[in-house]
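Analysis of the macromolecular model
Residues per chain, in single letters:
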Amino acid sequence: MNLSFMYKEKPFISNSTMATWMTLSLQDSSSPMMEQLIFFHDHTLLILTTIVALVSYLMGSLFFNTNINRNLLESQTIEMIWTITPAIILFFIAVPSLRLLYLMDEINNPAITLKTVGHQWYWSYEYSDFSSIEFDTYMIPLNEMEDSSFRLLDVDNRIVLPMNTHIRMIVTAADVLHSWTIPSMGVKVDATPGRLNQMGMLINRPGLFYGQCSEICGANHSFMPIVMESVKTNTFISWISHLSEAS
Ligand code: CUA
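Predicted model only: the values in this text are computed from it and were never measured. (Residues numbered from 1 in each chain as written. Predicted model: local features only at pLDDT ≥ 70, side-chain atom pairs only at ≥ 80, totals over all residues. Heavy atoms only, no water.)

Focus on a nonpolar patch on the surface
Under the convention used in this document: The patches reported here contain residues having more than 30% relative accessible area and no salt bridge. Joining distances are 9 Å for like charges and 5 Å for nonpolar side chains (Val, Leu, Ile, Met, Phe, Trp, Tyr). Per-residue and other accessible areas follow the Shrake-Rupley method at a 1.4 Å probe size, with only the shown protein chains counted as cover for residues. By definition here, a salt bridge exists when the distance from a side-chain nitrogen of Lys or Arg to a carboxyl oxygen of Asp or Glu is within 4 Å. Secondary structure elements are defined from DSSP: runs of H or I of at least 4 residues count as helices, runs of E of at least 2 residues count as strands, and each element is numbered from the N terminus.
Where nonpolar side chains cluster on the molecular surface, the patch consists of Met 80, Ile 84, Ile 88, Phe 91, Phe 92 and Val 95 and spans about 600 Å² of accessible area. As for its position among the elements, Ile 88 is in helix H2 (residues 76-105).

In structure tokens, the structure reads:
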């Protein structure tokens with residue numbers, strides 16, 4: 001059964017989001033959560049850059065300075081300043097960080113649920129809201145690649161999800177630890193045998209979003225990618241009803 005029947009021609013290529021050789025920073029966001037994470041990254045990086053610049057300057061000027069003041073053995077004032085200032089700086093990193101942490105944990109009344117199970121070495125998916133819709137996704141091997149395929153990143157059956165919809169993702173594993181992730185959506189959840197992990201997702205644009213298993217899980221760890229196709233709600237409904245009829 002070919003599940004990607006509708007979009008075999010890959011109309012969203014220009015809209016696909018993955019890590020490439022030029023990706024030095026984070027991928028473009030495809031969810032409000034990732035937008036916030038990028039903002040937090042930039043915020044923290046600015047603070048770090050300031051600290052590194054200041055400390056480097058101070059160390060440099062101390063290194064090249066031969067002046068000694070033998071009356072200056074202690075200074076309560078400067079010690080207060082260089083103790084309290086870093087504490088305040090840490091506060092301005094910790095508060096937005098905790099805010100994001102709890103925001104990511106929030107599951108906001110999801111409209112649909114998608115369950116994934118990590119196996120050595122493929123992912124299987126279940127659309128639990130619909131009857132008997134489940135399939136496996138394997139990486140497309142080199143000898144079966146098409147011209148438009150992305151090497152080591154494309155799969156035979158993509159997961160299709162509606163955009164602008166609250167989605168609950170349930171993650172577990174059948175054999176060893178795996179980790180399910182889509183970096184552009186800012187989600188990464190460990191797939192643990194005997195345990196169900198969940199997370200909330202909201203996709204805010206159409207496209208193809210790529211991820212890879214992120215927990216060393218054996219010989220073919222690098223070869224169990226994740227491809228998500230984000231579509232309009234109507235398209236999703238016709239896709240899922242076509243699947244229901246087929247099964
Ligand atoms: Cu599955 Cu690494």
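Side note on the domain arrangement of the chain
To keep it simple, the criterion reads: By convention here, the domain bounds are inherited from an automatic or database domain assignment. Contacts are assigned to residue pairs with any non-hydrogen atoms lying within 4.5 Å of each other. Here the quantity called buried area is the total loss of accessible area, with a 1.4 Å probe, experienced by two parts when brought into contact, counted for both.
Segmentation of the chain into domains returns domain 1 (32-105) and domain 2 (109-246). One C-alpha centre belongs to domain 1, the other to domain 2; they are set 39 Å apart. With six residues of domain 1 at the contact, the number on the domain 2 side is six residues. Summed over both partners, the interface of domain 1 with domain 2 comes to about 410 Å²; 51% of that surface belongs to carbon and sulfur atoms. Looking at the side of domain 1 facing domain 2, the largest losses of area belong to Pro 32, Met 34 and Met 104, adding up to 80% of the total buried there.

A word on the pairing of strand S1 (residues 112-119)
In plain terms, the rule: Exposure categories follow from relative accessible area, calculated using a 1.4 Å probe and restricted to protein chains: below 20% of the type maximum is buried, above 50% is exposed, and the middle band is partly exposed. The rule for pairing is simple: two strands pair if DSSP sees at least two bridges between them.
Here S1 lies mainly inside the structure; seven of its eight residues are buried. When S1 meets strand S5 (residues 166-173), the two strands line up parallel, connected through seven bridges. Each bridged residue has a counterpart across the sheet, and for Gly 118 the counterpart in S5 is Ala 173. Both S1 and strand S2 (residues 122-127) contribute to a ladder of six bridges, which runs antiparallel. By the bridge assignment for S2, Gly 118 is matched with Trp 123. Where S1 folds back on S2, the antiparallel hairpin that results is connected by two residues.

Here we look at the UniProt feature "domain: Cytochrome oxidase subunit II transmembrane region profile" (unreviewed entry) in the chain
Threshold: UniProt positions are given in the numbering used here, feature names are shortened, and annotations may be inferred rather than shown by experiment.
The UniProt record marks residues 18-108 with the feature "domain: Cytochrome oxidase subunit II transmembrane region profile" (unreviewed entry), using the residue numbering of this structure. Structurally, residues 18-108 comprises 68% helix and 0% strand, and the distance from its first C-alpha atom to its last is 26 Å.

Things to note about the environment of Asn 67
Its location among the elements puts Asn 67 in the loop between helix H1 (32-63) and H2. Exposure remark for Asn 67: the relative accessible area of 67% places this residue in the exposed category.

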